[in-house]
Amino acid sequence: MLCLSLYVPLLDQSQAEFQYFESDQLPSELKSIFSLSLLIPSQEFSTYCQWRQKIVKAGDKDQDGQLDFDEFVHYLRDHEKKLRLVFKSLDKKNDGRIDAQEIMQSLRDLGVNISEQQAEKILKSMDKNGTMTIDWNEWRDYHLLHSAENIPEIILYWKHSTIFDVGENLLVPDEFTVEEKQTGMWWRHLVAGGGAGAVSRTCTAPLDRLKVLMQVHASRSNNMSILGGFTHMIREGGFRSLWRGNGINVIKIAPESAIKFMAYEQIKRIIGSNQETLGIHERFVAGSLAGVIAQSSIYPMEVLKTRMALRKTGQYQGVLDCGKKILLQEGLSAFYKGYVPNMLGIIPYAGIDLAVYETLKNAWLQRYATSSADPGVFVLLACGTISSTCGQLASYPLALVRTRMQAEASVEGAPQMTMSKLFKHIVKTEGAFGLYRGLAPNFMKVIPAVSISYVVYENLKLTLGVQSR
């Protein structure tokens with residue numbers, strides 16, 4: 001029988017015991033555990049309540065608000081595996097024990113500097129036999145009934161980082177530790193990510209412009225190919241025309257990233273999370289809302305980017321001239337054409353992007369993580385690329401409709417339609433395939449964009465003095 005006994009305070013007693021659950025079906029993996037007990041003095045009852053809420057949240061699979069025996073066993077198995085990964089990562093000498101120096105080094109790798117005295121205090125809280133080292137059993141016993149969702153070593157290796165910039169900039173914002181926020185490292189990460197995005201977008205700008213042209217001009221009667229599209233651009237405006245619209249695309253990185261980060265931090269506080277990082281559902285909600293706020297703030301720049309990419313030689317003298325002519329000829333509302341499908345596109349993109357990334361991460365941890373939670377650069381890039389690609393694939397029809405609405409006034413004879421009418425018109429005249437015009441060059445740019453972003457990001461981090469994790 002596995003029995004978990006908890007102590008809670010009563011009015012007339014300092015503590016009282018009650019049985020949480022019991023079962024005669026003890027799994028073979030847990031036969032060494034006969035009973036688990038936790039002592040919670042009266043003055044620490046609030047701590048117990050927080051602990052119980054985290055445990056139930058982490059292990060409650062059927063979302064009934066209760067933790068039954070099977071769910072608790074699953075939680076213990078999953079939690080113990082994560083603890084073993086962290087223990088092996090901390091054990092730099094591979095001798096089965098963690099000492100003060102190893103704790104200091106591991107925290108230093110995460111950007112947290114502590115003194116030897118502080119490291120020894122951490123050791124003493126877990127050290128049962130007075131050796132001033134922690135073995136696996138001491139580590140496991142101390143952490144077994146503490147939620148593992150905030151273990152820094154796992155979280156920081158698997159952050160959904162700003163380096164995965166594929167030109168759409170709809171990713172959930174990066175998350176930073178308290179130490180990074182206090183020391184100012186967070187803005188260096190953002191600067192490095194912005195610089196990496198600028199370089200990768202510039203390098204893949206010809207493919208991005210080709211995508212916009214195919215979204216707007218390609219049809220059944222005008223089946224624009226990749227080679228034909230490049231040939232058309234070069235004949236019409238020369239080799240430099242391949243980069244039309246790239247300037248404004250790069251300029252909008254900084255304000256969008258800054259607004260998104262600030263909005264994300266505020267939304268995290270509003271939803272009541274005091275955690276350093278959020279769960280996947282909370283990240284989805286906070287990330288989507290932050291994306292909506294950031295996109296709303298810079299959306300006129302999105303319209304300018306599309307118009308500049310579609311412009312003919314001599315049509316505009318520059319971005320300011322383009323903006324001035326749109327304002328005078330079409331009015332202020334023209335800067336928000338396509339706004340609704342753009343906002344709607346953030347939801348499936350962020351949701352599928354996060355879900356696929358978490359699924360791939362968990363699959364890798366379950367199958368291949370034996371000695372460390374560090375997946376390596378290739379796995380991180382692969383997971384980020386696949387998840388971003390799936391997110392784009394799901395939201396692409398909305399992105400195409402947005403682009404066509406943005407381009408309506410610049411295309412002669414183009415009908416002025418609402419989002420729903422344009423959807424119906426495209427499906428009726430071009431079929432379902434018409435909603436995916438320009439998908440080929442869009443996917444062609446993903447791998448080079450991610451690769452270039454990563455290389456530039458790592459080099460900029462070194463230049464800015466950001467310590468790699």
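In case you missed it, the structure is sitting above this.
Residues numbered from 1 in each chain as written. Predicted model: local features only at pLDDT ≥ 70, side-chain atom pairs only at ≥ 80, totals over all residues. Heavy atoms only, no water.

Draft legend 1. Seen up close, the packing of aromatic side chains. Per the stated rule, a full pass over the model turns up five aromatic pairs. Measuring from centroid to centroid gives 6.0 Å for Y396 and Y436, while their planes differ by 10 degrees, and the two rings are stacked. One end of the pair, Y396, is in helix 16 (residues 377-407); the other, Y436, is in the loop between helix 17 (419-430) and helix 18 (439-444), with 40 residues separating them in the sequence. On the accessibility criterion, Y436 (28% relative accessible area) is partly exposed. Aromatic ring contacts, followed pair by pair, group Y299, Y336 and Y339 into a single cluster. (Phe/Tyr/Trp six-rings, centres within 6.5 Å; stacked < 30°, edge-to-face > 60°. Helix = DSSP H or I, 4+ residues; strand = E, 2+ residues; numbered from the N terminus. Buried < 20%, exposed > 50% of the residue type's maximum accessible area, 1.4 Å probe, protein only.)

Draft legend 2. Quick look at the pattern of salt bridges. With the rule as written, the count across this model stands at 13 salt bridges. E302 is paired through a salt bridge with K252; the nearest N and O atoms lie 3.0 Å apart. Taken together, the residues span a long stretch of sequence, with E302 in helix 13 (residues 280-310) and K252 in the loop between helix 11 (246-251) and helix 12 (253-270) at a distance of 50 residues. Its relative accessible area of 6% is what places E302 among the buried residues. A salt bridge links K268 to E265; the shortest N-O distance between them is 3.7 Å. Taken together, the residues K268 and E265, both in helix 12 and three residues apart, mark about one turn of the helix. (Salt bridge = Lys/Arg side-chain N within 4 Å of Asp/Glu carboxyl O.)

Draft legend 3. Fine view of the environment of I326. Following the sequence through the fold, I326 ends up in helix 14 (residues 319-330). Since its relative accessible area comes to 1%, I326 is described here as buried. Along the chain, I326 and R307 lie 19 residues apart, while their C-alpha atoms are 9.4 Å from each other.

Draft legend 4. Fine view of helix 13. Helix length check: helix 13, at 31 residues, gives a terminal C-alpha distance of 38 Å against a target of 45 Å (1.5 Å per residue), a shortfall beyond 12%. A bend of about 60 degrees at I298 is the largest found in helix 13, and the proline P300 appears one to four places after it. (Expected span 1.5 Å × (residues − 1). Bend = angle between axes of the 7 residues up to and from the residue.)

Draft legend 5. Up close: the packing of helix 9 (residues 205-217) against helix 16. At a minimum axis distance of 9 Å, the contact between helix 9 and helix 16 shows a crossing angle of 80 degrees. Classified by the angle their axes make, helix 9 and helix 16 are roughly perpendicular. For the pair helix 9 and helix 16, the contacting residues are K211, V212, Q215 and V216 in the first and Y396, A399, L400, T403, R404 and A407 in the second. Looking at the contact of helix 9 with helix 16 residue by residue, the class counts come to six nonpolar, two polar and two charged. (Axes fitted to C-alpha atoms, helices over the stretch in contact; angles between N-to-C directions. Parallel < 35°, antiparallel > 145°, perpendicular 65-115°, else oblique. Contact = heavy atoms within 4.5 Å. Nonpolar A, V, L, I, M, F, W, Y, C, P; charged D, E, K, R; others polar.)

Draft legend 6. View of helix 8 (residues 185-203). Taking 1.5 Å per residue as the helical rise, helix 8 with its 19 residues ought to reach 27 Å, and the 27 Å between its terminal C-alpha atoms agrees with that figure. Among the residues of helix 8, those classed as buried are H189, L190, A192, G193, G194, A196, G197, A198, S200 and R201.

Draft legend 7. Structural view of the side chain of T204. Topologically, T204 is positioned in the loop between helix 8 and helix 9. Taking relative accessible area as the criterion, T204 reaches 7% and is therefore assigned buried. From its side chain, T204 meets the backbone oxygen of S200 in a polar contact 2.8 Å long. Leave out the neighbours within four places in its chain, and T204 touches K445, P448 and A449. (Polar contact = N/O pair within 3.5 Å; in protein donor to acceptor, adjacent residues only side chain to side chain.)

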